[in-house]
Amino acid sequence: MYKLDLPVDYKQAAAIERRRAMEEERKTRIFNAKTRQIGIDKQAIEQQVFDKKQMEEYERKRHEAFAADALRNDRIATMLEKRQEHDIRALNEAINEFRALHQQPNQRREWDLYDPDALKKDKPARVHDDDPRCGIASLQKFDGEDLNSKARKKLQNEQARKWHEAQMREKEKAKMNQSEADRLYELKQRELDQRAMELQEAEENCRKAINMATASYNSALNNEQRERERLKRQQEEDDKMTEIANCVFGDFLTENPAVAQSAFGPHRVIPDRWKGMSPQQLAEIRKEQERQKAEAERLRQEEELRNKEFERQASANARAALLIEREMERKRRELEKAQADENRRLAQEQKAHIDFMNREVYTNPPTAAYFMQFNTTTR
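What counts and how
Residues numbered from 1 in each chain as written. Predicted model: local features only at pLDDT ≥ 70, side-chain atom pairs only at ≥ 80, totals over all residues. Heavy atoms only, no water. Patch = residues over 30% accessible without salt bridge, like charges linked within 9 Å, V, L, I, M, F, W, Y side chains within 5 Å. Areas by Shrake-Rupley, 256 points an atom, 1.4 Å probe, with all protein chains shown as cover. Salt bridge = Lys/Arg side-chain N within 4 Å of Asp/Glu carboxyl O. Helix = DSSP H or I, 4+ residues; strand = E, 2+ residues; numbered from the N terminus. Phe/Tyr/Trp six-rings, centres within 6.5 Å; stacked < 30°, edge-to-face > 60°. Buried < 20%, exposed > 50% of the residue type's maximum accessible area, 1.4 Å probe, protein only. Lys, Arg positive; Asp, Glu negative; His and termini not counted. Charge placed at Lys NZ, Arg CZ, Asp CG, Glu CD.

Visitor: Is there a simple way to think about a nonpolar patch on the surface in this case?
Guide: On the surface, Leu91, Ile95 and Tyr185 cluster together into a nonpolar patch covering about 280 Å² of accessible area. Turning to its location among the elements, Tyr185 is positioned in helix H4 (residues 149-249).

Visitor: Explain the packing of aromatic side chains here, please?
Guide: Each pair of aromatic rings is reported with the distance of its centres and the angle of its planes. Counted according to the given criterion, the structure contains one aromatic pair. Ring centres of Tyr58 and Tyr217 lie 4.9 Å apart, and the angle between their planes is 15°; this geometry places the pair in the stacked category. Within this pair, whereas Tyr58 is found in helix H2 (residues 42-102), its partner Tyr217 is found in helix H4, the two being separated by 159 residues in sequence.

Visitor: Any chance you could explain the pattern of salt bridges here in plain terms?
Guide: Oppositely charged side chains are able to pair whenever their charged atoms sit close together. For the structure shown, the criterion picks out 31 salt bridges. For Arg230, the salt bridge goes to Glu227, with nearest N and O atoms at 2.5 Å. Note that Arg230 and Glu227 are positioned in helix H4 at a spacing of three residues, about one turn of the helix. Residue Arg230 is classed as partly exposed on the basis of its relative accessible area of 39%. Across the pair Arg312 and Glu309 runs a salt bridge, and its minimum N-O distance is 2.2 Å. Of this pair, Arg312 and Glu309 both sit in helix H6 (residues 279-361), three residues apart, which is roughly one turn of the helix. It is possible to trace a salt-bridge network through shared partners that takes in Asp69, Arg72, Glu203, Glu204 and Arg207.

Visitor: What am I meant to see in a negative patch on the surface here?
Guide: Together, Glu236, Glu237, Asp238, Asp239 and Glu243 make up a negatively charged patch on the protein surface. Within the secondary structure, Glu236 is located in helix H4. Residue Glu236 is classed as partly exposed on the basis of its relative accessible area, which comes to 37%.

Printed below as a string of structure tokens:
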């Protein structure tokens, strides 16, 4: 027997697998029309790469300038917002301090109307007969009993005058405080406006510098592009003049017969440069044609002789084949007659054998009970 469990040569298998992978990689590289390259314009590609890098550097600087400008504006806005919040907070603190010092509830004129301790502080309904608080509706002093009305009115007038002077002083002080607050607020606003103008001027200067740098760069790029286009046009003009000179003084228009001579031999010519054959060549061609005609006539006569000989041999072969076919037909009939006699003899022998088997051998044919004894157990 053959030994099939031979050890695997891993080194050879790895080498085979490596060669297969290399072949597959080579196929994908060669048969893929998208990646296959016969030749490239290295100078043009390098110029494109250089231009792309310049554009990317310009875009990067431009984005950095805009980002720095945005950061500076954010810082300025944040600083102004913080300063405004600080000013609003200071103003609110000053207002609250002024209210706490000069606008207490007990200092209001109508404080006695909603003082919670008014009943505790109030005097009795009538202290004496000259109590000025006792009016007509108080039922403490009736008409005709007011003996101190002049002093009471004088005191009331004096009290009203004091109240009026106090209100005038309070209004004047409030007006002065409001004027001072407005002056301070206006000074602060002027300072903020001045700072905003300085920041705006700095921003404008920065933007002007960026625009000048961008304009200078664009101008340099434009000059470079115009110079490149001028050189390209000059090169195209030179190429056109060279092509015109080559066409005028070239071998094509001058019909130089030497240019039609092929490098593969003296008997071959270049079709796009060939201007026709010489008289010697035409004479040789006519002579060769006459010789070819004579040769063709000789070959035609030989072909006719061969055809006649072939027809004669075909007729003889046909007669011989007919005789052979008749002899084979006679032998076939004799063979069929002998085979028929043999078949009759074999049929008689088979019939006698079948009769003998039926009479002597097959005397006990199986019944249905014989077949019913099978497939009755698992064995």
